[in-house]
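Breakdown of the fold
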Amino acid sequence: MPYISRRNFLKLASRTLLAVSGLLGLGSLVRFLGYQSEPDSPTVFDLGAAANYPVGSHTFLPDIPALLQHSESGFTALSLTCTHLGCTVQQNGSELVCPCHKSRFGGAGKILHGPAQKPLPALRVEISPDGQMTLQKS
Amino acid sequence: MQRLWFAIASTMLFMISVLAWRTESQHPRPTALTPTLTGKVEYCLTCHVDLDEISPSHPVETFGCVICHGGEPLALDADLAHASMRGGANPSDLAVVESSCGGDICHSGSAAVHRDHIQRVATSVQATYAGAIANIRYTFGEQASLSPTFAINAVTDSSSQTGITSLEEFDLSSESNPLIGKFSENCLKCHLGVEASSGEENARFTGCAACHTPLQTFIRKEGELGAIVTSGAEEGLHTLTTVISYNQCNTCHNRGNYDLRTMEFLQRAGHSLDRLYDYYQPVAQFTQCEYTLDCIDCHTRTEAMGDGDIHANQKDIEYVQCKTCHGTLTELPQTKTLTNPDDIAFTLASINPVTDLKLGDTILVTEKGEPLWNTRVLPDGNYTLFAKANGQQFIFQPVMGSDCKQDPARQDSNFCHECHALER
């Protein structure tokens, strides 16, 4: 086993510790700089081909959440987020009912019974020239 | 010497780096939730992902945690995250309830009177304890009449219909009679602002959660009477419900007697798990329906939570009697056919769906018009009631047309008990 003097040992150990400390620091810096904040909720949703939604269809889109309706006059979409506190309303017969506090809305989002004070807002539907449909929340 | 210092400095730097790295590595990977209501990210679910949904009216995806509980939404260190929580584990404590549960879209300041819960509860007898304080001060000559002057917390209501528009905060230091001090020490243990006494049978929270987080529901017995096997303290912690069994009410009511000579509270032993023996105190008389049903089956939300006015005592706010459901020899109980889909009866029934209430149903209503939404008038002239705590159905008859000989003017329960009291 090669002899190593106390002085050289201290020198080697110090440099090794410095190097490891530097690596740890560098790792922390990379991690800090690489931090990504939580992404904002999406505001535009790809609904696929408009042809998938025939005239007369009512489609619940739970991930948005929204109700997409296709009538003779075209596509309309209604937010299903209750305007009271933000729960997702559910269809009950011809009405939309909030399961949290029982606000009731008509098919077009009109308030039938509070505590919600505002109607369910309409959402914008766009169809591209190639027939693909998107929905915008704001 | 210089090399030695260099070695020491390197070692210390290394130790600090390792310590910092280890501390950082121990933080869990955050679980983010962005509640619809606030739109702001919170990391509470990183640790509390297994917590039960508190109620169908408060889904976590909509409310999150912070809007009710406070706290630091982005902290991953438990102490830091919990440091600024409102009311500790109980944001419904009356000291913080306005911040936690209030607001005109929630439980205070709402244009809809029946939703202004916090104001009603804060002025209710269960929060003010005005009657007990006035009675004791009057008994020991500290005030000239039974009219209340003091409450646990000062309350004002300029529009109070009872004539009592304000009560001052009860201040023990201004009382000279030592028995008032003993009353304060031994008997002021059951208003909504005070922590429960020790003992599992007294387990309840303060504020709204005193009733709506019914810890007693989660206390079970096994085999013979009184063999408690689980404490329920963890199981029932994160619950808000309108399903409130009698034994939750019994954490305060029917728990014992005051000894007016010594100003001590003589508490009954054990849990109120056996309805026949434990519902009421041993000296009490009651009928079968009074002990078979739960308190909330007869007593209305207004009686329990107050009507927004300041009342002198419990007797002033309680008004439901036997005749509310059974009528008298000369009058049937009041009823109402539901024709308006906005009737509050439907809201109440939807919160606790033990029965499917429909338009056109005829239900009983109290003398003040409160809907007894869990009742129906049957085609044969009898009535049915669905117990709010478990949905059990009961059929009962009106007094009119029966063999009862009770004077219609004498309807206090003690008159009914003369014939209908049950033996234990």
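Model, not experiment: these values are computed from the prediction.

1. Some remarks on the pattern of salt bridges
Tallying each qualifying case throughout the model produces ten salt bridges over all chains. A salt bridge links Arg104(A) to Asp342(B); its shortest N-O distance comes to 3.5 Å. Linking Arg104(A) in strand 7 (residues 104-105) with Asp342(B) in the loop between strand 8 (335-337) and helix 19 (344-351), this pair reaches from one chain into another. Put simply, Asp356(B) and Lys358(B) hold a salt bridge, and the shortest N to O gap is 3.1 Å. Among the residues examined, Asp356(B) registers a relative accessible area of 54% and is labelled exposed. Taken together, the shared-partner salt bridges in this structure form one network comprising Glu95(A), Arg104(A) and Asp342(B).

2. Brief notes about the side chain of Lys388(B)
Turning to its location among the elements, Lys388(B) is positioned in the loop between strand 12 (383-386) and strand 13 (393-396). Within the buried set, Lys388(B) has no salt-bridge partner at all; the shortest N-O distance to an opposite charge, 5.5 Å, is to Asp297(B).

3. Thoughts on a negative patch on the surface
A contiguous patch of negative charge on the surface is contributed by Asp50(B), Asp52(B), Glu53(B) and Glu61(B). For Glu61(B), the location among the structural elements is in helix 3 (residues 60-63).

4. Thoughts on the packing of helix 1 (residues 6-33) of chain A against helix 1 (residues 2-26) of chain B
At their nearest, the axes of helix 1 of chain A and helix 1 of chain B sit 8 Å apart, and the two run at 30° to each other. On the basis of the axis angle, helix 1 of chain A is roughly parallel to helix 1 of chain B. Considering how the two elements wind past one another, helix 1 of chain A and helix 1 of chain B form a crossing that is left-handed. Residues Arg7(A), Leu10(A), Lys11(A), Ser14(A), Leu17(A), Leu18(A), Val20(A), Ser21(A), Leu24(A), Gly27(A), Ser28(A) and Arg31(A) of helix 1 of chain A form the contact with helix 1 of chain B, whose own contacting residues are Arg3(B), Phe6(B), Ala7(B), Ser10(B), Thr11(B), Leu13(B), Phe14(B), Ser17(B), Val18(B), Trp21(B) and Glu24(B). A breakdown of the residues in the contact of helix 1 of chain A with helix 1 of chain B according to their chemical character gives eleven nonpolar, seven polar and five charged.

5. Overview of the sheet that holds strand 10 (residues 371-372) of chain B
All names here are of chain B. Strand order in the open sheet formed by three strands is 8-9-10, with antiparallel pairing between adjacent strands. Single-partner strands in this sheet number two, and they are strand 8 and strand 10. Examined bridge by bridge, strand 9 (residues 362-365) and strand 10 share two bridges and lie antiparallel to one another. Looking at the pairing, Val365 lines up with Pro371 of strand 10.

6. Overview of the interface of chain B and chain A
Counting residues at the interface gives 28 residues for chain B, matched by 27 residues for chain A. When the buried surface of chain B facing chain A is broken down by residue, Arg3(B), Phe14(B) and Trp21(B) rank first, second and third, together holding 21% of it. Linking chain B with chain A are seven residue pairs in polar contact (both at pLDDT 80 or more), by the criterion used here. Counting only elements with at least two residues in the side of chain B that touches chain A, the list comes to helix 1, helix 3 and helix 19 of chain B. By residue number, the principal contributor to the side of chain B that touches chain A is helix 1 of chain B, which donates eleven residues.

7. Side note on a positive patch on the surface
A contiguous patch of positive charge on the surface is contributed by Arg7(A), Lys11(A), Arg15(A) and Arg3(B). Mapped onto the elements, Lys11(A) comes out in helix 1. The partly exposed category is assigned to Lys11(A), whose relative accessible area is 32%.

8. Observations regarding the pairing of strand 7 (residues 264-267) of chain B
Residues and elements named next belong to chain B. Relative to strand 7, strand 6 (residues 256-259) is paired through four bridges, and the arrangement is antiparallel. If you follow Tyr258 over to strand 7, its bridge partner there is Phe265. Remark: four residues form the turn of the hairpin made by strand 6 and strand 7, two consecutive strands paired antiparallel; Met263 in that turn has positive phi of roughly 55°.

9. A word on the packing of aromatic side chains
Residue and element names in this part refer to chain B. Scanning all chains against the criterion turns up seven aromatic pairs over all chains. When the centroid spacing of 5.5 Å and the interplanar angle of 40° are considered together, the rings of Tyr383 and Phe396 count as tilted. Taken together, the residues span a long stretch of sequence, with Tyr383 in strand 12 and Phe396 in strand 13 at a distance of 13 residues. Among the aromatic side chains, those forming a connected cluster through ring pairs are Tyr246, Tyr279, Tyr280, Phe286 and Tyr291.

10. Describing the environment of Tyr129(B)
By the secondary structure assignment, Tyr129(B) is in the loop between helix 8 (125-128) and helix 9 (130-139). Leaving out residues up to four positions away in the same chain, Tyr129(B) has contacts with Ile152(B), Cys187(B), Leu188(B), Cys190(B), His191(B) and Tyr258(B).

11. Brief notes about helix 10 (residues 178-187) of chain B
Residue and element names in this part refer to chain B. Within helix 10, burial applies to Ile180, Phe183, Ser184, Asn186 and Cys187. Here the buried face of helix 10 lies against helix 9, strand 6 and strand 7. Put simply, Asn177 is the residue that caps the front of helix 10, since its side-chain oxygen is 2.9 Å from the backbone nitrogen of Leu179.

12. Let's talk about helix 19 of chain B
Helical geometry note: an α-helix holds 3.6 residues per turn, so side chains three or four residues apart project in the same direction. All buried positions along helix 19 of chain B are accounted for by Ala345(B), Phe346(B), Thr347(B), Leu348(B) and Ala349(B). In the core, the buried residues of helix 19 of chain B are packed alongside strand 8 (111-113) of chain A together with helix 16 (301-305), strand 9 and strand 10 of chain B. At the N-terminal boundary of helix 19 of chain B, the capping side chain belongs to Asp343(B), with an oxygen 2.9 Å from the backbone nitrogen of Ala345(B).

13. A few points about a nonpolar patch on the surface
Together, Leu23(A), Leu26(A), Leu29(A), Val30(A), Phe32(A) and Leu33(A) make up an exposed nonpolar region whose accessible area comes to about 690 Å². Turning to its location among the elements, Val30(A) is positioned in helix 1.

14. Considerations on the sheet that holds strand 10 (residues 132-136) of chain A
Strand pairing in a sheet relies on backbone hydrogen bonds, with the paired strands running either antiparallel or parallel. All names here are of chain A. The sheet built from six strands is open, its strands ordered 1-10-9-4-3-2 with antiparallel pairing. Where the open sheet ends on each side, the last strands, each with one partner, are strand 1 (44-49) and strand 2 (58-61). Strand-to-strand twist across the sheet, computed as the mean angle between neighbouring axes with direction ignored, equals 25°. Relative to strand 9 (residues 122-127), strand 4 (residues 74-79) runs antiparallel, the two being bridged by two bridges.

15. Some details on the side chain of Thr239(B)
Mapped onto the fold, Thr239(B) is located in the loop between strand 5 (228-230) and helix 12 (246-249). Once residues within four sequence positions are removed from consideration, Thr239(B) is found in contact with Ile54(B), His212(B), Thr213(B) and Phe218(B).

16. Focus on the pairing of strand 9 of chain A
Along any regular strand, the residues point their side chains to alternate faces of the sheet. Residue and element names in this part refer to chain A. Bridge count for strand 9 against strand 10 is four bridges, and the pairing is antiparallel. Counted as the bridge partner of Ile127 is Met133 from strand 10. What sits between the antiparallel neighbours strand 9 and strand 10 is a turn of four residues, in which Gly131 has the positive phi angle 85°.

17. Describing the state of the cysteines
Using the criterion set out here, one finds one disulfide over all chains in the structure. A disulfide bridge connects Cys87(A) with Cys100(A), and the sulfur atoms are separated by 2.1 Å. Between Cys87(A) and Cys100(A), the S-S dihedral sits near -100°, and the bridge is therefore left-handed. In this pair, Cys87(A) is assigned in the loop between strand 4 and strand 5 (90-92) and Cys100(A) in the loop between strand 6 (95-97) and strand 7, connecting sequence segments 13 residues apart. Accessibility assignment for this pair places Cys87(A) and Cys100(A) in one class, buried. Looking at Cys47(B), it has no disulfide partner, and the nearest cysteine sulfur is the one in Cys44(B), 9.1 Å off. Free cysteine Cys208(B): the closest other cysteine sulfur is in Cys101(B), separated by 4.7 Å.

Cut-offs used in this document
Residues numbered from 1 in each chain as written. Chains lettered and ligands numbered in written order. Predicted model: local features only at pLDDT ≥ 70, side-chain atom pairs only at ≥ 80, totals over all residues. Heavy atoms only, no water. Salt bridge = Lys/Arg side-chain N within 4 Å of Asp/Glu carboxyl O. Helix = DSSP H or I, 4+ residues; strand = E, 2+ residues; numbered from the N terminus. Buried < 20%, exposed > 50% of the residue type's maximum accessible area, 1.4 Å probe, protein only. Lys, Arg positive; Asp, Glu negative; His and termini not counted. Patch = residues over 30% accessible without salt bridge, like charges linked within 9 Å, V, L, I, M, F, W, Y side chains within 5 Å. Areas by Shrake-Rupley, 256 points an atom, 1.4 Å probe, with all protein chains shown as cover. Charge placed at Lys NZ, Arg CZ, Asp CG, Glu CD. Axes fitted to C-alpha atoms, helices over the stretch in contact; angles between N-to-C directions. Parallel < 35°, antiparallel > 145°, perpendicular 65-115°, else oblique. Left-handed = near helix turned anticlockwise from the far one by under 90°. Contact = heavy atoms within 4.5 Å. Nonpolar A, V, L, I, M, F, W, Y, C, P; charged D, E, K, R; others polar. Pairing = 2+ DSSP bridges. Buried area = accessible area lost by both parts, 1.4 Å probe. Polar contact = N/O pair within 3.5 Å; in protein donor to acceptor, adjacent residues only side chain to side chain. Phe/Tyr/Trp six-rings, centres within 6.5 Å; stacked < 30°, edge-to-face > 60°. Disulfide = S-S within 2.5 Å.

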